[in-house]
Amino acid sequence: MARVELNEVAHSYLPKPKQPSDYALKRIHNVWEDGTACALLGPSGCGKTTLLNIVSGLLVPSRGRVLYDGKDVTASPPEKRNIAQVFQFPVLYDTMSVFNNLAFPLRNRGMGETQVKERVLEIAEILDLTPFLQKRAAGLAADAKQKISLGRGLVRSDVAAILFDEPLTVIDPQMKWHLRRKLKEIHEQLRLTFIYVTHDQVEALTFADQVAVMFEGEIVQIGSPQDLFENPEHRFVGYFIGSPGMNFLECTVEGTVAQVDGTSIVLNEETAAKASKAKGKLEVGIRPMYLEVHAESADNRVEAKVRMVEDLGSYKIVTLKLAGNTLKASLPEDQPVPEGRAWLAFPLQWTRLFDDGWLIK
């Protein structure tokens, strides 16, 4: 196991980068502590796989250093870093049995057959692969093949970290749920350092202790799933985490009130006071589940038009129009939705203010 540190890492695929847009990764400075389960979450093209390949040694960064337990491994190839990597598509020896696939990394390191057998049987039991040990890998289902690929990383007890590059993309939804749960169990049992790349927020938020959200080559926020949901530090985190994502309304601030095209939304005094120092575009943000929808007018409520109601069984998504802006509200299944028009309340504790995309704290 290892503590993985990225010290001022940046990377460009161009030979002579001159400006920030030339970099696939822009200044990454981060530490993953020994034994933690971490996820890199973001859309395609944001730099997740580039960063993972730098951690694994498949890429040498243009700038900065990579350290394992304080040792500089920036220029070390993958085989010198003692890591395992699980890719989107299983990397197996199809003609070998499952047992021999799992045993291969150990035999390659000269381990005795008695120890090989003990370790393979232990990992096969953890991954529910025991019934398949004597079968050829070629004939197994996709989820079983991905378990073998995972097992080839886990079977080495001395591995420093296991890196996952979108390992469940090709797995059907039911099997995804099963394998996510299995990965969580394995991490809790073995306490290895896991770094998991995905564009799927459900995978990241259910698997990881810490999630790093990436956007345009930068890590814009690192935190627990609860932190990312309740306190997004960047507009992209609010938009990307949650379904539907956070509502945003461009505004100006006067006193303790945010003005949205003539509609007034009350802010807490501390946030409103800090808004006076803002230099960029101001936006009010609120999660759909915290936006209150009422049938009657009252103090600190604003009028909106009800455009659409989507009944999703256990809850409803209501689409509303407020001063030319479209908003989403998530309501309990048993809450009636007003017809035609509604009055919205923005609870102070859940209403956020952003300056050029960054949370005003």
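The written sequence of each chain sets the order in which its residues are numbered from 1. Local features in this predicted model are restricted to residues of pLDDT 70 or higher, and side-chain atom pairs are both shown and tallied only at a pLDDT of 80 or more, whereas totals for entire chains, interfaces and linings draw on every residue. The side-chain figures draw on all heavy atoms in the structure; neither hydrogens nor water molecules are used.

## Let's talk about the overall build of the protein
Moving on, step 1. Helices and strands together make up the secondary structure of the protein, namely 9 helices and 21 strands.
Moving on, step 2. Projected onto the principal axes, the alpha-carbon positions of the protein cover approximately 75 × 50 × 30 Å.
Moving on, step 3. Burial classes: relative accessible area under 20% of the type maximum marks a residue as buried, over 50% as exposed, and values in between as partly exposed (1.4 Å probe, protein chains only). Per-residue burial over the protein gives 50% buried out of 361 residues.
Moving on, step 4. Two residues qualify as a contact provided that any one of their heavy atoms is within 4.5 Å of a heavy atom in the partner residue. The contacts in the protein between residues at least 6 apart in sequence include a share of 66% that link residues at least 24 apart.
Moving on, step 5. Surface accessibility follows the Shrake-Rupley procedure with a 1.4 Å probe radius. Residue values consider only the protein chains on display as shielding. With the model as given, the accessible surface of the protein reaches about 17,300 Å², and the carbon-plus-sulfur share is 49%.
Moving on, step 6. Here the protein contributes 42 positive and 46 negative side-chain charges, whose respective centroids are spaced 6 Å apart. Note on conventions: DSSP H or I runs of at least 4 residues are helices, E runs of at least 2 residues are strands, and numbering of each starts at the N terminus. Positive: Lys, Arg. Negative: Asp, Glu. His and the chain ends are not part of the count. Charge placement uses NZ in Lys and CZ in Arg. For Asp and Glu, CG and CD serve respectively.

## Regarding unusual backbone geometry
Moving on, step 1. Of note, the amide linkage connecting Ser243 to Pro244 takes the cis form, showing an omega dihedral of 0 degrees.
Moving on, step 2. The phi torsion at Asn82 lies on the positive side, around 60 degrees, for a residue other than glycine.
Moving on, step 3. Tracing the backbone shows Asn82 in the loop between β5 (71-72) and β6 (83-86).
Moving on, step 4. When its relative accessible area of 24% is taken as the criterion, Asn82 is described as partly exposed.
Moving on, step 5. You will see that Asp128, though not glycine, has its phi angle at about 60 degrees, which is positive.
Moving on, step 6. On the secondary structure map, Asp128 appears in the loop between α3 (113-126) and α4 (142-154).

## What about the nonpolar core?
Moving on, step 1. Grouped together as the largest cluster of nonpolar side chains are 48 residues, with contacts concentrated most on Val120, Leu154, Ile162 and Phe194.
Moving on, step 2. If we skip the residues at most four places from it in the chain, Leu154 touches Arg119, Ile123, Leu127, Ile162, Ile186, Leu190, Leu192 and Phe194.
Moving on, step 3. Counting residues in each nonpolar core, the second largest holds 28 residues, with Ala258, Val260, Phe346 and Leu353 among its members. In this text, buried Ala, Val, Leu, Ile, Met, Phe, Trp, Tyr and Cys residues form a nonpolar core when linked through side-chain atoms within 4.5 Å.

## Quick word on helix α1 (residues 48-56)
Moving on, step 1. Among the 9 residues of α1, 8 are classified as buried, and the element is accordingly described as predominantly covered.
Moving on, step 2. The set of residues buried in α1 consists of Lys48, Thr50, Leu51, Leu52, Asn53, Ile54, Val55 and Ser56.
Moving on, step 3. Just downstream of α1, Gly57 is the residue with a positive phi angle, here 100 degrees.

## Focus on the sheet that holds strand β18 (residues 325-332)
Moving on, step 1. One open sheet holds the 5 strands; their spatial order is β15-β19-β16-β17-β18, and the pairing between them is antiparallel. Strands at the two margins of the open sheet, each flanked by one partner only, are β15 (292-294) and β18. For this sheet the average axis-to-axis angle between neighbouring strands, irrespective of direction, equals 45 degrees. Note on pairing: two strands pair once DSSP finds at least 2 bridges between them. Structural elements are reduced to axes, namely lines fitted to C-alpha atoms, with helices fitted over the stretch in contact, and the angle between N-to-C directions of any two is expressed from 0 to 180 degrees.

## Topic: the side chain of Thr198
Moving on, step 1. Within the secondary structure, Thr198 sits in strand β8 (residues 194-198).
Moving on, step 2. For Thr198, a relative accessible area of 1% puts it in the buried group.
Moving on, step 3. Side-chain atoms alone can form a polar contact between residues adjacent in sequence; in general such a contact is a pair of N or O atoms within 3.5 Å, and within protein one must be able to donate a hydrogen while the other accepts it. From its side chain, Thr198 meets the backbone nitrogen of Asp200 in a polar contact 2.9 Å long.

## Re the packing of aromatic side chains
Moving on, step 1. When the centres of two rings from Phe, Tyr and Trp lie within 6.5 Å, Trp using its six-membered ring, the rings pair. Their planes under 30 degrees apart give stacked, over 60 give edge-to-face, and anything left gives tilted. According to the stated counting rule, one finds 12 aromatic pairs in the structure shown.
Moving on, step 2. Geometrically, the ring pair formed by Phe236 and Tyr239 is tilted, given 6.3 Å between the ring centres and 50 degrees between the ring planes. Here Tyr239 and Phe236 lie together in helix α8 (residues 235-240), a separation of 3 residues that amounts to about one turn.
Moving on, step 3. For Phe236, a relative accessible area of 9% gives the class buried.
Moving on, step 4. Judged by centre distance (5.3 Å) and plane angle (70 degrees), the rings of Phe248 and Phe354 are edge-to-face. Taken together, the residues Phe248 in strand β11 (residues 247-254) and Phe354 in strand β20 (residues 352-355) connect sequence positions 106 residues apart. Of the two residues, Phe248 and Phe354, both sit in the buried class.

## Points about the pairing of strand β16 (residues 301-311)
Moving on, step 1. With 5 bridges connecting them, β16 and strand β19 (residues 341-345) associate as antiparallel partners. Following the sheet pairing, Ala304 is matched in β19 by Ala342.
Moving on, step 2. The turn joining β16 and strand β17 (residues 315-322), which pair antiparallel and follow one another in sequence, is formed by 3 residues; a positive phi near 95 degrees is taken by Gly313.

## A look at the packing of helix α2 (residues 98-108) against α3
Moving on, step 1. Following both chains from N to C, one finds α2 and α3 inclined at 130 degrees, their axes separated by 9 Å at the closest point. As the angle between them shows, α2 and α3 are arranged oblique. When the axes of α2 and α3 are compared, the crossing they make is right-handed. On the side of α2, the interface is formed by Phe99, Leu102, Ala103, Leu106 and Arg107, while α3 contributes Glu113, Val116, Lys117, Arg119, Val120 and Ala124. Roughly parallel means an angle under 35 degrees; roughly antiparallel means over 145; roughly perpendicular covers 65 to 115; every other angle is labelled oblique. By convention the crossing between two helices is left-handed if the near helix lies anticlockwise of the far one by an angle smaller than a right angle, and right-handed if it lies clockwise.

The quantities given are spatial measurements derived from coordinates; they are silent on function.
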